[in-house]
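Architecture at a glance
Letter by letter, the chains look like this.
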Amino acid sequence: MFETLLEMQERGVRDRARGRSLADNPMSKPDILPITDFQEWYSMFDAWRFGWSIEDAMAGHNNVPRDGGAVSLAYTRTV
């Protein structure tokens, strides 16, 4: 199980590096990966999210909302 969690963390890192959002967590799609053991599922979900967050922080993506939603930036043009 420990190796599987590390693999999910690495997958989260790779997915963030490829520009995927938190909403793209593969463990958030129960129709693809049926939930049979909630604790195991949550561990995998959290491992991916942790890897994603590490890459996000290391790359300096500090303006991405934690829920994976879109960022709305307002710019003011001055002349």
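From a predicted model like this one, the values you see are computed outputs, not experimental measurements.

A few words now on helix H1 (residues 2-17). Working note: α-helix, 3.6 residues per turn, so residues spaced by three or four point in the same direction. Under the 1.5 Å per step criterion, the end-to-end length of H1 is 23 Å for 16 residues, consistent within 8% with the ideal 22 Å. The set of residues buried in H1 consists of Met 8, Gly 12, Asp 15 and Arg 16. Buried residues in H1, looked at end-on, bunch into an arc of 95 degrees, giving them a common side. Residues of H1 that are exposed and angled more than 90 degrees away from the buried face: Phe 2, Glu 3 and Ala 17. Looking at the buried side of H1, the elements it contacts are helix H2 (38-58). Phi turns positive, to about 90 degrees, at Gly 19, one or two residues after H1.

Counting residues in each nonpolar core, the largest one holds nine residues, listed as Met 8, Leu 22, Met 27, Trp 41, Met 44, Phe 45, Ala 47, Trp 48 and Trp 52. Per-element tally for this core: the top contributor is H2, with six residues. Aside from chain neighbours lying at most four places away, what touches Met 44 is Thr 4, Leu 5, Met 8 and Met 27.

So, on to the confidence of the model for the protein. With 71% of its residues at a pLDDT of at least 70, the protein reaches an overall mean of 79. Segment residues 71-79 is flagged for pLDDT under 50; beyond a separation of four residues in sequence, or across chains, it makes three contacts in the model.

Reading the values: rules and limits
- One numbering rule holds for all chains: residues counted from 1, following each sequence as written.
- Only residues with pLDDT of at least 70 are given local features in this predicted model, and only at 80 or more are side-chain atom pairs given and counted; all residues enter the totals for whole chains, interfaces and linings.
- Excluding hydrogens and water, the side-chain values take into account all heavy atoms of the structure.
- In DSSP terms, a helix is any run of H or I states spanning at least four residues, a strand is any run of E spanning at least two, and both are numbered starting from the N terminus.
- A helix's residues, less one, multiplied by 1.5 Å, set its expected span.
- Note on exposure labels: buried denotes an accessible area under 20% of the residue type's maximum, exposed denotes more than 50%, and partly exposed covers the range between, all computed with a 1.4 Å probe on protein chains only.
- Directions drawn from the helix axis to the C-beta atoms are what define this arc.
- Contact between two residues is taken to exist if any of their heavy atoms lie within 4.5 Å; hydrogens are not considered.
- In plain words, nonpolar cores are sets of buried Ala, Val, Leu, Ile, Met, Phe, Trp, Tyr and Cys residues tied together by side-chain atoms within 4.5 Å.
- What pLDDT reports is the predictor's confidence in each residue, on a scale of 0 through 100.

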